[in-house]
Amino acid sequence: MTEQSIVLKSLLRQRHWQTYGTFCREYDKAAKKVDPALQGRWPSRAQLHRWLSGELKGLPYSDHCRVLEAMFPGLSAAELFAPNTPEIPAPRSSQDRPIEVPEPAENSQLADVTAVFSSRSAFSAAYPPASLFDGANEISACGLSLNVICQSYPDHQLTRLLENGTRIRCLFLDPKGEAIKAREREESYTDGTLQTLTALNISMLTRLKNRLDAEAAERLEVHVYDETIRFNILIVDGTTCVVQPYLPAARGVDSPTLVITDNTAADGLFPVFDQVFTSMWERSKPV
């Protein structure tokens, strides 16, 4: 049965609130304004899927309706759960905004890809590291030098995450291995640039780890691998996955970037890249 597109689903996609964790955070912000007692009473993942699939008969409980109306001022709960129409405005487009992906039809090849960018710089403009990492419970990353964590997110914020319970796994291309030398040749580096940068980023994380208390330090894991590099993968809270391929003779910053969300309603790409990360992590070695 094909899912019916409703207004709420389209609005969540427009605001990039469609992942479960992001939805819950935005729900809590609105709940605090409506009635602080409603904080933390967001719908379960299964409930949210029923809401967005168009399968819900009637409306959610009144408390949910109150919060949803606060999230989307000017729209009633009945309007939010009405079938989508062309009158729902799309976000303004620019070079630094994601290419809007149409609502997937049944068996759509778009699967759970929710945004596509032509480069990492365009992705970073729309998804700054703080928007991805602040408040996260788990961050898993693999690639080459992992600059998004080591160069684009401040040390003190990484420290705060780890001290507050966030688990961070970083998997670097081994700066002493053969694969990174092959990648340097592919990108026409002749002075060990990638080896130096990767070693520097690993050193930054190990120094940070040494300054943490024992419990927080255990939550930061740094591994290396020595295999042909294919993807840069970033997974946050098991709900958002950012993937870049490594292209021949092109820097990573110039690679197209996919944003994938965990859509349990369809066979998507999220579990594919989640498994890629897991298998690489299992073959890697700790620093």
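Residues numbered from 1 in each chain as written. Predicted model: local features only at pLDDT ≥ 70, side-chain atom pairs only at ≥ 80, totals over all residues. Heavy atoms only, no water.

The chain has the name DUF5919 domain-containing protein in an unreviewed UniProt entry, where Microtetraspora fusca is given as its organism.

With that settled, consider the overall build of the chain. Each helix and strand counted, the chain has 13 helices and 9 strands in total. Taking all 287 residues of the chain together, the buried fraction comes to 45%. For the chain, restricting intrachain contacts to residue pairs at least 6 apart in sequence, the fraction spanning at least 24 positions comes to 68%. Accessible surface for the chain amounts to roughly 14800 Å². Of this, 51% is attributable to carbon and sulfur atoms. (Helix = DSSP H or I, 4+ residues; strand = E, 2+ residues; numbered from the N terminus. Buried < 20%, exposed > 50% of the residue type's maximum accessible area, 1.4 Å probe, protein only. Contact = heavy atoms within 4.5 Å. Areas by Shrake-Rupley, 256 points an atom, 1.4 Å probe, with all protein chains shown as cover.)

What follows deals with the nonpolar core. Counting 34 residues, the largest nonpolar core has Phe133, Ile139, Ile149, Phe172, Leu205 and Leu234 as the members making the most contacts within it. At 4 residues, helix α11 (residues 193-211) tops the list of elements feeding residues into this core. The residues touching Leu205, leaving out its near neighbours within four places in the chain, are Cys150, Leu158, Cys170, Phe172, Leu220 and Val222. Core analysis: the next-biggest nonpolar cluster, separate from the first, contains 22 residues, Trp17, Leu52, Leu68 and Leu80 among them. (Core = buried A, V, L, I, M, F, W, Y, C linked by side-chain atoms within 4.5 Å.)

What follows concerns the side chain of Thr198. You can see Thr198 is positioned in helix α11. In terms of polar contacts, Thr198 uses its side chain to reach the side chain of Ser145, at 2.7 Å. Those residues in contact with Thr198 that sit more than four places away from it in its chain are Leu144, Ser145, Phe172, Leu173, Pro175 and Ile180. (Polar contact = N/O pair within 3.5 Å; in protein donor to acceptor, adjacent residues only side chain to side chain.)

Attention shifts here to the state of the cysteines. Counting across every chain of the model gives 0 disulfides. With no disulfide of its own, Cys150 lies 5.8 Å from the sulfur of Cys170, the closest cysteine sulfur. (Disulfide = S-S within 2.5 Å.)

The next subject is empty space enclosed by the protein. Summed over the entire model, instances satisfying the criterion amount to 2 cavities of 30 Å³ or more. Taken as a whole, the largest cavity spans an internal volume of roughly 140 Å³. Around the largest cavity, the lining residues are Arg120, Phe123, Ser124, Tyr127, Pro129, Leu146, Asn147, Val148, Asn232, Leu234, Val242 and Gln244. Looking at the lining of the largest cavity, its residues break down into 7 nonpolar, 4 polar and 1 charged. (1 Å grid on protein atoms, 1.4 Å probe; cavity = no way out; pocket = protein on both sides within 12 Å on 5 of 7 lines; lining within 4 Å. Points joined across faces, edges and corners; volume = space filled by probe spheres on them. Nonpolar A, V, L, I, M, F, W, Y, C, P; charged D, E, K, R; others polar.)

Let us look at the packing of aromatic side chains. According to the stated counting rule, one finds 10 aromatic pairs in the structure shown. Taken together, a centroid distance of 5.6 Å and an interplanar angle of 80° make the contact between Phe117 and Phe123 edge-to-face. Ring centres 5.2 Å apart and planes at 90° place the aromatic pair Phe133 and Tyr153 in the edge-to-face group. One end of the pair, Phe133, is in helix α7 (residues 129-133); the other, Tyr153, is in the loop between α8 (147-150) and α9 (155-163), and 20 residues separate them in sequence. Each member of the pair Phe133 and Tyr153 is classed as buried. What links up through ring pairs into an aromatic cluster is the set Phe23, Tyr27, Trp51 and Phe81. (Phe/Tyr/Trp six-rings, centres within 6.5 Å; stacked < 30°, edge-to-face > 60°.)

This brings us to unusual backbone geometry. A positive phi angle, near 60°, is found at His16, a position not held by glycine. Inspection of the secondary structure puts His16 in the loop between α1 (7-14) and α2 (20-34). Accessibility expressed as a relative area gives 18% for His16, which makes it buried. Backbone geometry places Ser188, a non-glycine residue, at a positive phi of 65°. Its place among the elements puts Ser188 in the loop between α10 (178-186) and α11. With relative accessibility at 62%, the residue Ser188 sits in the exposed group.

Residues in a regular strand point their side chains to alternate faces of the sheet. The element strand β2 (residues 113-117) is largely enclosed, with a buried count of 4 among its 5 residues. As paired elements, β2 and strand β8 (residues 257-261) share 4 bridges and run antiparallel to each other. Pairing of Val113 across the sheet is with Ile260, part of β8. (Pairing = 2+ DSSP bridges.)

What follows concerns the pairing of strand β7 (residues 240-245). Most of β7 sits inside the fold, with 5 of its 6 residues counted as buried. Taken together, the 6 bridges between strand β6 (residues 231-236) and β7 define a ladder with antiparallel strand orientation. For Phe231, the partnering residue across the bridge sits in β7 and is Pro245. Connecting β6 to the next strand, β7, in antiparallel fashion are 3 residues, including Asp237 with a positive phi near 55°.

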